[in-house]
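Here is what each chain is made of, one letter per residue.
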Amino acid sequence: MANIKQIAELAGVSITTVSRVLNNHPYVQEAKREAVWDAVHKLNYSPNSNAVHLVKGRTGMVAVLLPFVNHPFAGMVLEGIAEQALLNNYRLILCQTNYDQNEEKRVLDMLKSKQIDGVIIVSRKGKWEMVESYASYGPIVACEKVDSEVISYVHVDRYKGTKECFRYLVEKGYRQIGFLLELVELIMEKNVCRLIWKVLLIWENA
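What counts as what
Residues numbered from 1 in each chain as written. Predicted model: local features only at pLDDT ≥ 70, side-chain atom pairs only at ≥ 80, totals over all residues. Heavy atoms only, no water. Buried < 20%, exposed > 50% of the residue type's maximum accessible area, 1.4 Å probe, protein only. Helix = DSSP H or I, 4+ residues; strand = E, 2+ residues; numbered from the N terminus. Pairing = 2+ DSSP bridges. Contact = heavy atoms within 4.5 Å. Phe/Tyr/Trp six-rings, centres within 6.5 Å; stacked < 30°, edge-to-face > 60°. Axes fitted to C-alpha atoms, helices over the stretch in contact; angles between N-to-C directions. Right-handed = clockwise from strand over helix to strand, strands pointing away.

S.K.: Would you mind showing me how to read the pairing of strand 3 (residues 118–121) here?
M.R.: Side-chain direction in a regular strand flips from residue to residue, so the side chains alternate between the two faces of the sheet. Where burial is concerned, the two faces of strand 3 agree: the one with Gly-118 and Ile-120 and the one with Val-119 and Ile-121 are both buried. As paired elements, strand 1 (residues 61–66) and strand 3 share 4 bridges and run parallel to each other. Pairing of Val-62 across the sheet is with Gly-118, part of strand 3. Bridge count for strand 3 against strand 4 (residues 140–142) is 3 bridges, and the pairing is parallel. Within strand 4, the residue paired with Ile-120 across the bridge is Val-141.

S.K.: Can you help me understand the environment of Tyr-90 in this one?
M.R.: Residue placement: Tyr-90 occurs in the loop between helix 5 (72–87) and strand 2 (91–96). Considered as a pair, Tyr-90 and Asp-117 are 27 residues apart in the sequence and their alpha carbons are 9.5 Å apart. The residues touching Tyr-90, leaving out its near neighbours within four places in the chain, are Arg-58, Gly-60, Met-61, Val-62, Ala-85 and Asp-117.

S.K.: Would you mind showing me how to read the packing of aromatic side chains here?
M.R.: Aromatic ring pairs are defined here through the distance separating the ring centres and the angle between the ring planes. Scanning all chains against the criterion turns up 2 aromatic pairs. Between Phe-68 and Tyr-99, the ring centres sit 5.8 Å apart and the planes meet at 85 degrees, which makes this aromatic pair edge-to-face. Within this pair, whereas Phe-68 is found in the loop between strand 1 and helix 5, its partner Tyr-99 is found in the loop between strand 2 and helix 6 (101–112), the two being separated by 31 residues in sequence. Look at Tyr-99 and you get buried, because its relative accessible area is 17%.

S.K.: Just to check I follow, could you spell out the sheet that holds strand 3 for this structure?
M.R.: Picture the strands of a sheet paired through backbone hydrogen bonds; they go either parallel or antiparallel. Read across the open sheet, the 5 strands follow the order 2-1-3-4-5; overall the sheet is parallel. The open sheet terminates on both sides in strands that have one partner only, identified here as strand 2 and strand 5 (152–153). Against the sheet, helix 6 makes contact with strand 1, strand 2, strand 3 and strand 4, and its axis sits at roughly 150 degrees relative to strand 3, the strand it touches most.

S.K.: Got a minute to help me understand the pairing of strand 2 in this structure?
M.R.: Across 6 bridges, the pairing between strand 1 and strand 2 is parallel. Residue pairing across strands places Leu-66 opposite Gln-96, the latter belonging to strand 2. Since strand 1 and strand 2 lie parallel, the crossover through helix 5 that links them has a hand, and here it is right-handed.

Don't take any of this as a statement about function, it's just geometry.
What follows is the structure, given as structure tokens:
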């Protein structure tokens, strides 16, 4: 495989000039720029991505940590993430964990070893204390409310939204309304319990 030194020899320029051309540096004579690109094509040169990442200090890749890729909620979230990634010239790595804490840790280890620039956590099983220990290695964003000073989050007020949905259905005359939760532990959340009581009061006063 060709390297920068061989390109410089074939183009008749210095290694520094080759580096500037490959990195789109503006202060290079046009004749030298053309000579370098001509040598690149003749030698079929392809830059070493690991070396480029090391020099630039970024990979341009973000991991999306999610339990299952075929979950409807994950699909909606991924659509928005992918759109913004494309606009900001980032590539996504989808990491399905099946709620395996070891898999979640492996993704965070990728952040620690600089294989990725950041992690977006759609849903996880591991404790936030473990996730927080990786925050110094790069940005971590959660798709749920997190009581943390080092982890950012994007949060939808599910309590308020669910309450409005129930209120709308009751006002329309519906009484036999199903309420489904994905994770069993969510039933124990205070907000859910409060919501159930408020819905009962809405029905009683309807």
